[in-house]
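# Analysis of the macromolecular model
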Protein chains: 2
Amino acid sequence: MKTASSLVAIGPVSKRTGCNIETIRYYERVGLLQAPVRSPGGYRLYGNQHLKRLTFVRRARSLGFSIDEVRTLLKLADERKRPCAEVRVVAAAHLGDVRAKIADLRAMERVLDETVAKCANGKQSDCPLIEALYREDSPSIPPSPRRRRKG
Amino acid sequence: MKTASSLVAIGPVSKRTGCNIETIRYYERVGLLQAPVRSPGGYRLYGNQHLKRLTFVRRARSLGFSIDEVRTLLKLADERKRPCAEVRVVAAAHLGDVRAKIADLRAMERVLDETVAKCANGKQSDCPLIEALYREDSPSIPPSPRRRRKG
DNA sequence: GATAAAGCCTGTAGTAACTAGAGACTCAAG
DNA sequence: CTTGAGTCTCTAGTTACTACAGGCTTTATC
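Residues numbered from 1 in each chain as written. Chains lettered and ligands numbered in written order. Predicted model: local features only at pLDDT ≥ 70, side-chain atom pairs only at ≥ 80, totals over all residues. Heavy atoms only, no water.

### A look at the interface of chain B and chain A
Across the contact, 61 residues belong to chain B and 61 residues belong to chain A. Each partner contributes to the roughly 5800 Å² buried at the junction of chain B and chain A, and carbon and sulfur atoms together form 68% of this total. For the chain B face of the interface with chain A, the top three residues by lost area are R59, L133 and Y134 of chain B, together amounting to 13%. Joining chain B to chain A, the criterion identifies four salt bridges. One salt bridge in this structure joins E109 of chain B and R99 of chain A, with 2.7 Å as the shortest N-O distance. Inspection of the chain B/chain A interface yields six residue pairs in polar contact (both at pLDDT 80 or more). Secondary structure elements with two or more residues in the side of chain B that touches chain A: α3 (48-62), α4 (67-79), α5 (84-118) and α6 (128-134) of chain B. Among the elements that make up the side of chain B that touches chain A, the one with the highest residue count is α5 of chain B (19 residues). When the residues that make up the side of chain B that touches chain A are grouped by side-chain class, the tally is 33 nonpolar, eight polar and 20 charged. (Contact = heavy atoms within 4.5 Å. Buried area = accessible area lost by both parts, 1.4 Å probe. Salt bridge = Lys/Arg side-chain N within 4 Å of Asp/Glu carboxyl O. Polar contact = N/O pair within 3.5 Å; in protein donor to acceptor, adjacent residues only side chain to side chain. Helix = DSSP H or I, 4+ residues; strand = E, 2+ residues; numbered from the N terminus. Nonpolar A, V, L, I, M, F, W, Y, C, P; charged D, E, K, R; others polar.)

### Let's talk about the relation of the copies chain B and chain A
Turning chain B through 180 degrees and shifting it by 0.0 Å along the axis lays it on chain A, with an RMSD of 0.0 Å. Interpreted geometrically, this transformation is the action of a two-fold axis. Considering only C-alpha atoms, the part of chain B nearest the rotation axis is I102 of chain B, at 2.9 Å. (Least-squares fit on C-alpha atoms with pLDDT ≥ 70 in both.)

Dropping the structure here:
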């Protein structure tokens, strides 16, 4: 890792980037990373371009972009002269998702906060949270879990 | 569903509770719901107690409790005379998780908001988000995705 | 050079919480 | 009786990893 042309095996890459060895192989398998050259013994050998790409993937994942969204971003970065308008569309949609998730979690937080506070006096024979969970028409709890994600 | 002793098949239960048929069967399989009696033809027949229990499960799920946490809550509700202190421990831990997730999402939101705003002028040849993702030491992006969840 | 431990490989399966068929049996209405 | 809807079990898939198992390679030490 001293010069632009030196190659390193997956273990050092994992240590350098903080990305699990198996996750690196996973990213290769799903196409986010190109398969690197191999040593005569079959070990993967990564160069600087691979490191940069893995960094990109990790950062995008840390922002909550799905694997497919990361794939789209990489494609835009690789193939477009002026990708910004299209990148913005992807990012703005994702920002909307993040905000919706925050709103969901906020609603949960509020209900949990209230019921934990009511349970604080651990002496009553009935439990406000359990009673609320059994109540069919409780207005303070949303009726269904929400699952959001598209690949 | 008119009297305490009348039983209904899974379809009407699904419609009544808004819970997918297959999800009801899933909950039975993982032990959250007891296996109901069957018609001579093998159809599941649910009574009122089942309905109440499914409502409990759904509401707990909508608050983000994991299947295992729901299992714990059900056990506390079923077996304890005064469950509230223990329920509170479960709920408070979960509240902490919810708050941590909100904090994570807030950090993502902030970064996304900034970069979407920078991309707003869709005319530059370089894209601030893409550049940021490629940058190894960017201080505004957390270094790794976080996964949290225990069964 | 020999040896042992660590590193790496591929393949398989598992995690959590669902969700979607496929093929076959049951039920209700016409 | 027929037909279409409902329900059954079983298997597999979704998303993003994660954890072996068994076997080959590399490295460090003697």
